[in-house]
Amino acid sequence: MNLQWYPGHMAKAKRMMQENIKLIDVVVELVDARIPLSSKNPDIDALAKNKSRIILLNKYDMADPKYNDLWKKHFEENGYYVALVNSKSGQGVKQVKDIIYKACEAKIERDRRRGIINRPVRAMVAGIPNVGKSTFINSFVGRASTKTGNKPGITKGKQWIRLSNKVELLDTPGILWPKFEDPRAGMSLALIGSINDNIIPMTELACELILFLNRHYPDAIKQRYDIEVPKIMNEIKDTISTLENIAIKRSSIMKGGEPDIDKAALILLDDFRSVRLGQITLEFPE
Ligand code: G4P
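Per chain, residues are indexed from 1 in the order of the written sequence. Local features in this predicted model are restricted to residues whose pLDDT is 70 or higher, and side-chain atom pairs enter the listing and the counts only when it is 80 or higher, whereas totals over whole chains, interfaces and linings include all residues. Heavy atoms from the whole structure form the basis of all side-chain values; hydrogens and water molecules are not counted.

A closer look at the overall build of the protein chain
Let me state the cut-off plainly: What counts as a helix is a DSSP run of H or I of at least four residues, what counts as a strand is a run of E of at least two, and both are numbered from the N terminus. Residue burial is assigned from relative accessible area. The probe radius is 1.4 Å, only protein chains are included, and a residue is buried under 20% of its type maximum, exposed over 50%, and partly exposed in between. Residues are treated as being in contact if the distance between any of their heavy atoms lies within 4.5 Å. Using the Shrake-Rupley algorithm and a 1.4 Å probe, accessible areas are obtained, with residue cover drawn only from the displayed protein chains.
Looking only at helices and strands, the protein chain features eleven helices and eight strands. In terms of overall dimensions, the protein chain has a C-alpha envelope of 80 × 40 × 35 Å along the principal axes. Of all 286 residues assigned to the protein chain, the portion counted as buried reaches 47%. Partitioning the intrachain contacts of the protein chain with sequence separation of at least 6 by distance along the chain shows that 68% fall at a separation of at least 24. For the protein chain, the exposed surface amounts to about 15,300 Å²; the carbon and sulfur share of it is 50%.

What follows is the structure, given as structure tokens:
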């Protein structure tokens, strides 16, 4: 799914979130473990004021294990309940029900004191497009659940999925918009493939990736393509020889005999997005 947001889309998404958030006790926000900052919605703090908050670092299988733990700690220190999740394989998904319940303990206690007992806590999944919301809900809900709420066609209402007698989940996830105004976030989102590739200069994006890898994962390219990579690169122009070497290794040569660097850029980005360069995290906690 590509990100093509217009003010109208954003206003609609915001309206939906505002409506749904009133009905729930806890927001389960999915972020991409490779770019936890850029995939986190900037306005959710205001929208979800006074709600319990859970962050799921989804796609943790694609990110660097060292930083997964640091990000988990970082968000925990900022008051969130956090879990590492691989929604595709189901790893880490089962614990989320308990975390939801735990995140709502204070509210359950308040209710109890007011005489409200056995009311299930209500949760909503939210996140930017492509972060894995549907995959997570499918894995989380599995088959052992029943839909509650109004029957479609009779009264238009929300559908709740009963996960246990203690927890219910809104069946449609909240769609959040990313941080487009920040160019760094734009680059991170483009690198993981969350922005329509047709509107992005892919060769430049690949050069940015080479610069980043050179700084933080210096062996990744060397090992994948068996080529020499300059030790220090400072500017985009320093990265072109690397693209040329990848093109030569992959026999991507243009008619005149020149290495096809545009093709090499696509190969590199595809390898990165498919985790063939290794588990790489693009953003680090302070
Ligand atoms: P969305 O509802 O938030 O828009 O996201 P969706 O669930 O459609 O997931 C987007 C893509 O991310 C899907 O890949 C999905 O399989 C993948 N995905 C979701 N969670 C994880 C995870 O934890 N780990 C990994 N490795 N991948 C995950 P796709 O290529 O669009 O589809 P498919 O070919 O995998 O079916």
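Picking up where we left off.
Overview of the site of the ligand
To keep things clear, this is the line we draw: Throughout, the term near means that a residue has one or more heavy atoms lying within 4 Å of the molecule or strand in question. Nitrogen and oxygen atoms within 3.5 Å of one another constitute a polar contact, given that in protein one can donate a hydrogen and the other can accept it, and given that sequence-neighbouring residues count only through two side-chain atoms.
Around the ligand, the structure places 16 residues, and the nearest of them are Asp61, Ser87, Lys133, Ser134 and Thr135. Within the side chain of Asn58, one N or O atom sits 3.1 Å away from a nitrogen atom of the ligand. A distance of 2.8 Å separates an oxygen atom of the ligand from a polar atom in the side chain of Lys133. Alone, the ligand offers 710 Å² of accessible surface; in the complex the protein occludes 65% of this. Of the residues forming the shell around the ligand, the biggest block, three residues, is contributed by helix H6 (residues 133–141).

What to know about the confidence of the model for the protein chain
Convention followed: You can read pLDDT as the predictor saying how much it trusts each residue, on a scale of 0 to 100.
Residues of the protein chain with pLDDT of at least 70 account for 93%, and the chain-wide mean is 91. Note on residues 151–155: pLDDT is under 50 here. Beyond four places in sequence and across chains, it has two contacts.

Concerning the nonpolar core
Test applied: We call a set of buried residues a nonpolar core when its members are Ala, Val, Leu, Ile, Met, Phe, Trp, Tyr or Cys and they connect through side-chain atoms within 4.5 Å of each other.
Counting 87 residues, the largest nonpolar core has Leu56, Ile100, Phe136, Leu169, Leu268, Ile280 and Leu282 as the members making the most contacts within it. Looking at this core element by element, the count peaks at nine residues for helix H8 (residues 202–216). Residues in contact with Leu56, not counting those within four places in the same chain, are Val28, Glu29, Leu30, Val31, Ala83, Val85, Val96 and Phe136.

Examining the pairing of strand E6 (residues 159–162)
Defined as follows: The pairing criterion for strands is at least two bridges between them, as found by DSSP.
Taken together, the three bridges between E6 and strand E7 (residues 167–170) define a ladder with antiparallel strand orientation. Each residue of the ladder has a partner; that of Arg162, found in E7, is Glu168. Adjacent in sequence and paired antiparallel, E6 and E7 are bridged by four residues.

Structural notes on empty space enclosed by the protein
Here is the rule we go by: Lining residues are those with an atom within 4 Å of a point, where the points come from a 1 Å grid over the protein atoms alone and group into cavities, where a 1.4 Å probe fits but cannot get out, or pockets, open sets with protein on both sides within 12 Å along at least five of seven lines. Grid points are joined across faces, edges and corners, and a volume is the space filled by probe spheres set on the points. Asp, Glu, Lys and Arg are counted as charged, while Ala, Val, Leu, Ile, Met, Phe, Trp, Tyr, Cys and Pro are counted as nonpolar; the rest, among them Gly, fall into the polar class.
Counted according to the given criterion, the structure contains two cavities of 30 Å³ or more. When contributions to the lining of the largest cavity are tallied by element, the ones reaching two or more residues are H8 and helix H9 (220–225). Residue contributions to the lining of the largest cavity peak at three residues, all from H8. Across the lining of the largest cavity, the residue classes tally to seven nonpolar, one polar and no charged.

Side note on H6
This is how the line gets drawn: The arc in question is the one spanned by the directions pointing from the helix axis to the C-beta atoms.
Taken together, the buried positions of H6 are Lys133, Phe136, Ile137, Phe140 and Val141. Along the axis of H6, the buried positions cluster into a sector of 110°, meaning they face one direction only. Facing away from the buried surface of H6 by more than 90 degrees, the exposed residues are Ser134 and Asn138. At the exit of H6 stands Gly142, carrying a positive phi of roughly 55°.

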